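Chain residues, written in single-letter form:
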Amino acid sequence: MGAGAVPYEKLKKIRACLFDVDGVLTDGRILLGEGPEGALHEHKAFHARDGQGLILASDAGLEVGLVTSRASAIVERRARELRIGHVFQNVKDKLQCVRGFLSGRGLRFEQLLYMGDDLPDLPVLDRAGFSATVPEAPREIRAGADYVTDLPGGSGAVREVLDLLFRTQGRWPKILKKYRK
Ligand SMILES: [Mg+2]
């Protein structure tokens, strides 16, 4: 996305980052396979660099969470690996869920970065202080977002947004100091 179009002022206020899962942390495909006993297995592919970005966000003291309308043990497991503090699965009304999350922490919508890729995300994207989506999201979703990533969902799009957030909030020197020995 063209750098000139990014509303950096909005990013400076962000204290919490919530992400939709399918299509954002994954490429949106839901892979179903059958095991030897005929049991169905679901597979999702996550990107390691997104994971690293989410760890950095938590380490920086940002509230980090996932909000998905589906439910799977895979998401629970990945969230645990990445020390993600808030996991909301089986969410039928994302706006209601996010409202509860924010009020429970004394945060306002303008302090929320939200990333989603489809219609159930729209009411949250409309209200979030900074809204981001992926290039393959429907045009109507992209049209209202503050930022459309260059990278596709499941391929580093989350990291792209988080890097932008870290850069805008001046967090990179501290991050680099920790990693550059
Ligand atoms: Mg989605």
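Before any of the text, the structure's been laid out above.
Residues numbered from 1 in each chain as written. Predicted model: local features only at pLDDT ≥ 70, side-chain atom pairs only at ≥ 80, totals over all residues. Heavy atoms only, no water.

J.: Outline helix H3 (residues 73-81), listing residues and values.
T.: Within H3, burial applies to Val 75, Arg 78 and Ala 79. Here the buried residues of H3 occupy an arc of 100 degrees about the axis, which is enough to place them on one side. Across from the buried face of H3, at angles greater than 90 degrees, the exposed residues are Ala 73 and Arg 80. (Buried < 20%, exposed > 50% of the residue type's maximum accessible area, 1.4 Å probe, protein only. Helix = DSSP H or I, 4+ residues; strand = E, 2+ residues; numbered from the N terminus. Arc of directions from axis to C-beta.)

J.: Please set out the sheet that holds strand S6 (residues 112-115) residue by residue, giving values where relevant.
T.: One open sheet accounts for six strands, arranged S5-S4-S1-S6-S7-S8; its pairing is parallel. Of all the strands in the sheet, just strand S5 (86-88) and strand S8 (147-148) have a single pairing partner and so form its edges. Two elements, strand S1 (residues 16-19) and S6, share four bridges in a ladder whose sense is parallel. Within S6, the residue paired with Ala 16 across the bridge is Leu 112. Its contacts with the sheet place helix H7 (residues 157-168) against S1, S6, strand S7 (130-133) and S8, and it is angled at close to 160 degrees to S6. (Pairing = 2+ DSSP bridges. Contact = heavy atoms within 4.5 Å. Axes fitted to C-alpha atoms, helices over the stretch in contact; angles between N-to-C directions.)

J.: Tell me about the coordination of the magnesium ion, and please be specific about residues and values.
T.: Within the protein, the atoms that donate to the magnesium ion are Asp 20 (OD), Asp 22 (O) and Asp 117 (OD), at distances of 2.1 to 2.2 Å. Along the chain, the residues that donate to the magnesium ion are spaced as D-x1-D-x94-D. Here Asp 20, found in the loop between S1 and strand S2 (31-34), pairs with Asp 117, found in the loop between S6 and helix H5 (122-127); they are 97 residues apart in sequence, far enough to count as distant. Classification of Asp 117 by relative accessible area gives buried; the value is 15%. (Donors = N, O, S within 2.8 Å, 3.2 Å for Na, K, Ca; no water.)

J.: Account for the nonpolar core, naming residues and giving values.
T.: One finds Phe 19, Leu 54, Leu 112, Leu 113, Met 115, Phe 130 and Leu 162 to be the most contacted residues of the largest nonpolar core, which totals 52 residues. Sorting elements by how many residues they give to this core places H7 first, with seven residues. In this structure, Met 115 is in contact with Leu 18, Phe 19, Asp 20, Val 24, Leu 125, Ala 132, Thr 133, Val 134, Thr 149, Ala 157, Val 158 and Val 161, ignoring residues within four places of it in sequence. (Core = buried A, V, L, I, M, F, W, Y, C linked by side-chain atoms within 4.5 Å.)

J.: Now, about the packing of aromatic side chains: what can you tell me, with residues and values included?
T.: Inspection of every chain in the model, using the stated rule, returns three aromatic pairs. Relative to Phe 101, the ring of Phe 88 has its centre 6.0 Å away and its plane inclined at 80 degrees; by these criteria the two rings are edge-to-face. Remark: Phe 101 occurs in helix H4 (residues 94-104) and Phe 88 occurs in strand S5; sequence separation between them is 13 residues. Overall, the relative accessible area of 25% leaves Phe 88 in the partly exposed class. Phe 101 gets classed as buried once you look at its relative accessible area, which sits at 2%. (Phe/Tyr/Trp six-rings, centres within 6.5 Å; stacked < 30°, edge-to-face > 60°.)

J.: Outline the pattern of salt bridges, supporting the account with residue identities and numerical values.
T.: Scanning all chains against the criterion turns up 16 salt bridges. One salt bridge connects Lys 12 with Glu 9, and the closest N-O pair in it is separated by 3.2 Å. With Lys 12 and Glu 9 both in helix H1 (residues 8-12) and three residues apart, this pair spans about one turn of that helix. Taking the relative accessible area as the measure of exposure, Glu 9 reaches 54% and is therefore exposed. Across the pair Lys 94 and Asp 121 runs a salt bridge, and its minimum N-O distance is 2.8 Å. Taken together, the residues Lys 94 in helix H4 and Asp 121 in the loop between S6 and H5 connect sequence positions 27 residues apart. Under the relative-accessibility criterion, Lys 94 is labelled buried at 4%. Residue class for Asp 121 comes out buried when judged on its relative accessible area of 1%. (Salt bridge = Lys/Arg side-chain N within 4 Å of Asp/Glu carboxyl O.)

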